[in-house]
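What follows is each chain in one-letter form.
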Amino acid sequence: MSQSKQVASRKQEQMTLDLPGLSKVVAKFDGGAVCSDGGLLLLRKADACLGLAELASYAISDERRPEYVQHTVVDMLRQRIYGIAAGYEDCNDAGPLRVDAMHKLALGRDLAGGLALASQPSLSRFENNIDATSNAALQKLLVHLFVKQTRKAPKVIRLAMDTTCDETYGSQQMTFYNGYYRAFCYAPLFIFTECGFPLCALLRPGNPNPIDDAKRMLKKVLHELRLSWPQTRIELTADAAFASSEMFDFLEAEGVTYFIAAAGHAGYTYHAEKTVFQCKKEFDKFGHPSPEVKRHSLAVNQQERKVNWRMIEEKKRFASKAEGRVQELFEEHYGVKKFIEFQYRAREWSRDRRIICRAQVDQKGPDTRFVVTNATRMTARKIYQDKYCSRAQCENWIKDLKVYLKSGRTSCQEFEANQFRLMLHTFAYILMYFIKKRAQLREMTLETFRLQLLKIGVLVEQKCREVRLHLASEFAWRDQFQVAWANT
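First, a word on scope: everything that follows refers to the structure included in this document. (Residues numbered from 1 in each chain as written. Predicted model: local features only at pLDDT ≥ 70, side-chain atom pairs only at ≥ 80, totals over all residues. Heavy atoms only, no water.)

## Topic: the overall build of the chain
Formally: Here a helix means four or more residues in a row that DSSP labels H or I, a strand means two or more in a row labelled E, and each is numbered from the N terminus. The cut-offs for exposure are 20% and 50% of the maximum accessible area for each residue type, with area from a 1.4 Å probe on protein chains only; residues under the lower value are buried, those over the upper are exposed, and the others partly exposed. We call two residues in contact when some of their heavy atoms are within 4.5 Å. Values of accessible area rely on a 1.4 Å probe in the Shrake-Rupley scheme; residue burial ignores everything except the protein chains shown.
In terms of regular secondary structure, the chain is built from 17 helices and 18 strands. Within the span of the chain, comprising 488 residues, buried residues form 48% of the whole. Within the chain, contacts between residues at least 6 apart in sequence are counted, and of these 65% link residues at least 24 apart. Of the roughly 26400 Å² of accessible surface on the chain, 50% is carried by carbon and sulfur atoms.

## As for the nonpolar core
Using the following cut-off: Only buried Ala, Val, Leu, Ile, Met, Phe, Trp, Tyr and Cys residues count toward a nonpolar core, and they belong to the same one when joined by side-chain atoms within 4.5 Å.
Core analysis: the biggest nonpolar cluster contains 124 residues, and M161 and F427 have the highest contact counts within it. Among the elements that make up this core, the one with the highest residue count is helix α15 (residues 415–438) (14 residues). Formed by 10 residues, the second largest nonpolar core is a distinct cluster that contains A261, I356, A380 and Y384.

## Things to note about the packing of aromatic side chains
To keep it simple, the criterion reads: Each pair of aromatic rings taken from Phe, Tyr and Trp, with Trp reduced to its six-membered ring, is defined by centres within 6.5 Å and is described as stacked if the planes are under 30 degrees apart, edge-to-face if over 60, and tilted in the remaining cases.
As enumerated under the stated definition, the model contains 20 aromatic pairs in all. Residues F192 and W397 carry aromatic rings whose centres are separated by 5.5 Å and whose planes lie at 45 degrees to one another, so their mutual orientation is tilted. Of this pair, F192 sits in strand β8 (residues 189–193) while W397 sits in helix α14 (residues 393–404), and the two are 205 residues apart along the sequence. For F192, a relative accessible area of 0% puts it in the buried group. By relative accessible area, W397 is classed as buried at 11%. Cluster of aromatic residues (ring-pair linked, three or more members): F248, Y258, Y268, F342, Y344, W349 and F370.

## A few points about the sheet that holds strand β3 (residues 34–35)
Applicable threshold: Here the rule is simple: two strands pair whenever DSSP picks up at least two bridges between them.
With antiparallel pairing, the 3 strands of this open sheet are ordered in space as β3-β17-β18. Every interior strand has two partners, whereas the edge strands, β3 and β18 (467–471), have only one. For strand β17 (residues 458–462) and β18, the ladder comprises 5 bridges, and the chain directions are antiparallel. Note on β18: the bridge partner recorded for V460 is L469.

## Remarks on a nonpolar patch on the surface
Quick note on the threshold: Here the term patch refers to residues with relative accessible area over 30% and no salt bridge, with like charges joined within 9 Å and nonpolar side chains (Val, Leu, Ile, Met, Phe, Trp, Tyr) within 5 Å. We count a salt bridge whenever a side-chain nitrogen from Lys or Arg sits within 4 Å of a carboxyl oxygen from Asp or Glu.
On the surface, L17, L19, L22 and V25 cluster together to form a nonpolar patch covering roughly 350 Å² of accessible area. Following the sequence through the fold, L22 ends up in the loop between β1 (15–17) and β2 (25–27). Relative accessible area serves as the criterion here: at 59%, L22 is assigned to the exposed category.

## Some remarks on the packing of helix α7 (residues 132–149) against helix α8 (residues 210–228)
What counts is decided by this rule: Axis definition: a line fitted to C-alpha atoms, over the contacting stretch in the case of helices. Angles run 0 to 180 degrees between N-to-C directions. Crossing chirality is assigned from the near helix's rotation relative to the far helix, an anticlockwise turn below a right angle marking it left-handed and a clockwise turn marking it right-handed. Under the scheme applied, nonpolar residues are Ala, Val, Leu, Ile, Met, Phe, Trp, Tyr, Cys and Pro; charged residues are Asp, Glu, Lys and Arg; polar residues are all the others, including Gly.
It is at 10 Å that the axes of α7 and α8 come closest, and there the two elements cross at 35 degrees. Between α7 and α8 lies a crossing of right-handed hand. Every residue of α8 that contacts α7 at Q139, K140, V143, H144, F146 and V147 is listed here: M217, V221, E224, L225 and S228. The residue makeup of the contact of α7 with α8, split by class, is 6 nonpolar, 3 polar and 2 charged.

## A short note on the sheet that holds strand β6 (residues 176–178)
Reading across from one edge, β5-β7-β6 is the order of the 3 strands in this open sheet, with antiparallel pairing throughout. Taken across any chain shown, the strands that pair with only one partner, and hence form the sheet edges, are β5 (166–167) and β6. Pairing of β6 with strand β7 (residues 183–186) involves 3 bridges; the strand directions are antiparallel. Bridged to Y177 within β7 is F184.

## Regarding the environment of A243
Tracing the chain through its elements places A243 in the loop between β10 (233–238) and α9 (245–254). The exposure class of A243 is partly exposed, given its relative accessible area of 31%. Measuring from C-alpha to C-alpha, the distance between A243 and I211 comes to 8.6 Å, with 32 residues separating the pair along the chain. Those residues in contact with A243, other than ones at most four positions away along the chain, are F248, I260, A261 and A262.

Everything listed is a geometric property; what it means functionally is a separate question.
So, in structure tokens, the structure goes:
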């Protein structure tokens, strides 16, 4: 069955609207070269400082005949990366945008009758032409970009490693059902520095071996970092999915200090039992008894913790000002928390290892967390709060990629093409990260960055000797944009 598209007429028709108390409103598409992405040149300026697109083009082979090439590899890279950053993550958006004045200007194209940008079919062929060798080279480029934008060798680099779910809805290559996420998906692996720079963005099948993939990518990342900074110490934080004797042995052999969460079991909770009962005894003195605890620091009724949590949340939501503001209700939620450490050796481990335990008892009941580490200094509290808990920030960086940059658009048939798409979204993240860092806007999400620094109304005017950009005079974040431009 054939499909048809509705094509809007190019005939200039007036659109009118009558508003009470005002004159009639008349709208017409006759304003000239007015664009909504006036801040797009910020990305081109950051790209020029990092050399990102140009360096990435060296990793991609081009087998086209030079005399027939209209769109170079570096131009198509820039077109896709800038488009993703501006909110056009789908390759289909290239059709309407190929004649947009700001997008052409960002790629250095002549506005007066110059060649339009690459179309959607051209970009799709480009993405599907990428092979595993090119993707491996682009992975290495991430580390080199981090080294390039870092002015001096750091004393310590703290890495955070995590994985996520990229659901698939078709017959993509290497998509499998994942029992943990309960979906057909890919399972990308990310490694970030403590400041949020991605050193690894590896697309993996839906049923990956988490330890083997993590060891392989960590080995490459560590090798590249130590080529530039041999004296720099490296630390790693990760969640319980990476708690394995193979991973511990690998990191110890590589000289990496690790802080990896571990799922609680009878061996761990046996050592924490005394501390949990002590926390419960102290908490009950406040007059708000917590759920009963049995041996091995577990609640007698496992569902009671969830029920109590739901009751507390409902109390916050339904509270009126007379009953207490939300802030005061948060202050009422208190508990007793203690930190201990002990040595433990599992059956498959090669030696004893240091285990950090955080025991907490509150209105919801007991809650214990465990962290395995090879750090010999620092107290248990400092390791848990200052070293391990910072790992949660990694989830916000993955959220930036997934939610705001739509890195889950891995809908190509071939696996390597989907890996390349993930790299394009990661490169867009890097350009925005670089601008945020230079403009001292690190806490800003990528969506806020896009709305406040990229989405600016602009009138593009072509003159004989220059191109003039008339940005919106009443732009709300004008000063912030000027600071970002001056520092990029």
